[in-house]
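Residues per chain are reported as follows:
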Amino acid sequence: MHRLISLLLVMFMALVACAPVSTSNLSGSDGLPLPRIYRIGEDDTSKLQFRMLDSINALRSASGLTPVQLNGQLNAAAATHSRDMSVQNRPWHFGSDGSSLIDRVSRTEYSGPILGENISETYETEIETLAAWMNMPGARSVIMHPAATNMGFAWFQENNGKIWWTLVMGS
């Protein structure tokens, strides 16, 4: 089972090679190339959301779990939180107004149970972020929750390239 999941993660990481990146060849003070900035275009929303959805459903399928579907209300809650984390300049699960995940989701009028939220502050792609989440037991349990049927996924990218990712799972 672990071998299959590892194989799937490697395949998803190969998709990263297809992602848009900066073509800068600058070197850092250590002489090593600077990391490339993963730029997300304004028209990339559905492409990234469906890439994440397909990746998560492949992982869930490999573990015998049912697939999830994108939910517009959960996407809205995730987008709001990604932007708010950027404003606060810290990755955490509370809004600048003191709101919790439950508060943010209820504002979208989503009626199902909320199963969890994963967040990240990074310069990495969505697939690299998913791989990192899968290596953290708490984040992995949100993605692989047996009762999950709905997913919200969004991000906010700052001008410097930093990306604030948010994934919300519900049923």
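Everything discussed here concerns the structure shown above.
Computed from a predicted model, the values in this text were never measured in an experiment. Throughout this document, residue positions are counted from 1 along each chain, in the order its sequence is written. Per-residue local features of the predicted model are confined to residues with pLDDT of at least 70, and side-chain atom pairs are confined, for both listing and counting, to 80 or more; whole-chain, interface and lining totals are unaffected and use all residues. The basis for every side-chain value is the complete set of non-hydrogen atoms in the structure, without hydrogens or water.

Any chance you could explain the side chain of R104 here in plain terms?
In this description a helix means any DSSP run of H or I spanning at least four residues, a strand means any run of E spanning at least two, and both kinds are numbered starting from the N terminus. Mapping R104 onto the fold places it in helix α4 (residues 101–107). Residues adjacent in sequence count toward polar contacts only when both atoms are side-chain atoms; beyond that, a polar contact is any pair of N or O atoms within 3.5 Å, and within protein one must be able to donate a hydrogen and the other to accept it. Of note is the side chain of R104, whose polar atom sits 2.8 Å from the side chain of E117. Two residues qualify as a contact provided that any one of their heavy atoms is within 4.5 Å of a heavy atom in the partner residue. In contact with R104, other than residues within four places in its own chain, are A77, H81, H93, F94, G95, S99 and E117.

How should I be thinking about the nonpolar core in this particular structure?
Note on soluble globular proteins: their nonpolar side chains tend to be buried together. One finds I56, W133, I143, M151, F153, W165 and L167 to be the most contacted residues of the largest nonpolar core, which totals 24 residues. Of all elements in the fold, only α2 (45–62), α5 (126–134), α6 (137–143), β3 (150–157) and β4 (163–170) reach the threshold of two or more residues within this core. Setting aside chain neighbours within four positions, we find L167 in contact with I56, G116, E117, N118, W133, I143, M151, G152 and F153. Membership of the second largest hydrophobic core comes to eight residues, among which are L74, A78, V105 and Y110. Each nonpolar core is a collection of buried residues, namely Ala, Val, Leu, Ile, Met, Phe, Trp, Tyr and Cys, held together in the definition by side-chain atoms within 4.5 Å. Any residue under 20% of the maximum accessible area for its type is buried, any over 50% is exposed, and the rest in between are partly exposed; the area is computed with a 1.4 Å probe on protein chains only.

I would appreciate a short explanation of α2 in the present structure.
An α-helix turns once per 3.6 residues; consequently, residues spaced three or four apart project the same way. To estimate how far a helix should extend, the number of its residues minus one is multiplied by 1.5 Å. Here α2 is 18 residues long and its end C-alpha atoms lie 26 Å apart, about the 26 Å a rise of 1.5 Å per residue gives. Looking only at α2, the buried set comprises L48, Q49, R51, M52, L53, S55, I56, N57, L59, R60 and A62. Taken from the residues just after α2, G64 is the one with a positive phi, measuring 80°.

Which parts of the structure should I look at to understand the pairing of β4?
Where a strand is regular, its side chains alternate between the two sheet faces. In terms of burial, β4 is a largely internal element, eight of the eight residues being buried. Here, any two strands with at least 2 DSSP bridges between them count as paired. As paired strands, strand β2 (residues 114–122) and β4 are joined by eight bridges and run antiparallel to one another. If you follow S120 over to β4, its bridge partner there is W165. The sheet contact formed by β3 and β4 spans eight bridges and is antiparallel. Of the residues in β4, the one forming a bridge with G152 is V168. Hairpin connection from β3 to β4: five residues lie between these consecutive antiparallel strands, with G161 at a positive phi of about 100°.

In this structure, what is going on with the packing of aromatic side chains? I would like to understand it.
The geometry of an aromatic ring pair comes down to the distance between the two centres and the angle between the two planes. Pairing of aromatic rings covers Phe, Tyr and Trp, the last counted by its six-membered ring, and requires centre-to-centre distances within 6.5 Å; plane angles under 30 degrees mean stacked, over 60 mean edge-to-face, and any other angle means tilted. As enumerated under the stated definition, the model contains three aromatic pairs in all. Where F153 meets W155, the ring centres are 5.7 Å apart and the plane angle is 50°; that geometry is what we call tilted. For the pair shown, F153 and W155 are each scored as buried. An angle of 55° between the planes, with centres 5.7 Å apart, marks the rings of W155 and W165 as tilted. With a gap of ten residues between them, W155 in strand β3 and W165 in strand β4 connect regions that are remote in the sequence. Residue class for W155 comes out buried when judged on its relative accessible area of 14%. The class of W165 is buried, set by a relative accessible area of 0%. Three or more aromatic residues joined by ring pairs form one cluster here, namely F153, W155 and W165.

How should I be thinking about the packing of α2 against α5 in this particular structure?
Packed helix pairs are characterised by how far apart their axes lie and by the angle those axes make with each other. Axis definition: a line fit to C-alpha positions, over the contact stretch in the case of helices; interaxial angles, taken between N-to-C directions, run 0 to 180 degrees. Between α2 and α5, the shortest axis-to-axis distance is 10 Å and the interhelical angle comes to 35°. Classified by chirality, the crossing of α5 by α2 is right-handed. Within the contact between the two elements, α2 uses L48, R51, M52, S55, I56 and L59 and α5 uses E126, I127, L130, W133 and M134. Gly falls in the polar group here, along with every residue not listed as nonpolar (Ala, Val, Leu, Ile, Met, Phe, Trp, Tyr, Cys, Pro) or charged (Asp, Glu, Lys, Arg). Of the residues in the contact of α2 with α5, the class split is eight nonpolar, one polar and two charged. We call a crossing left-handed when the near helix sits turned anticlockwise from the far one by less than a right angle, and right-handed when that turn is clockwise.

Looking at this structure, I do not really get the sheet that holds β4. What am I missing?
Note: strands within a sheet are paired through backbone hydrogen bonds, in either parallel or antiparallel orientation. In space, the four strands of this open sheet follow the order β1-β3-β4-β2, with mixed pairing throughout. Because the sheet does not close on itself, it has two edges, and the strands there are β1 (69–70) and β2. Where β1 meets β3, two bridges bridge the pair, whose relative direction is parallel. Residue pairing across strands places L70 opposite M151, the latter belonging to β3. On the sheet, α2 packs against β1, β3 and β4 and is oriented at approximately 135° with respect to β3. Contacts from α5 reach β2, β3 and β4, with the element oriented near 120° to β2.

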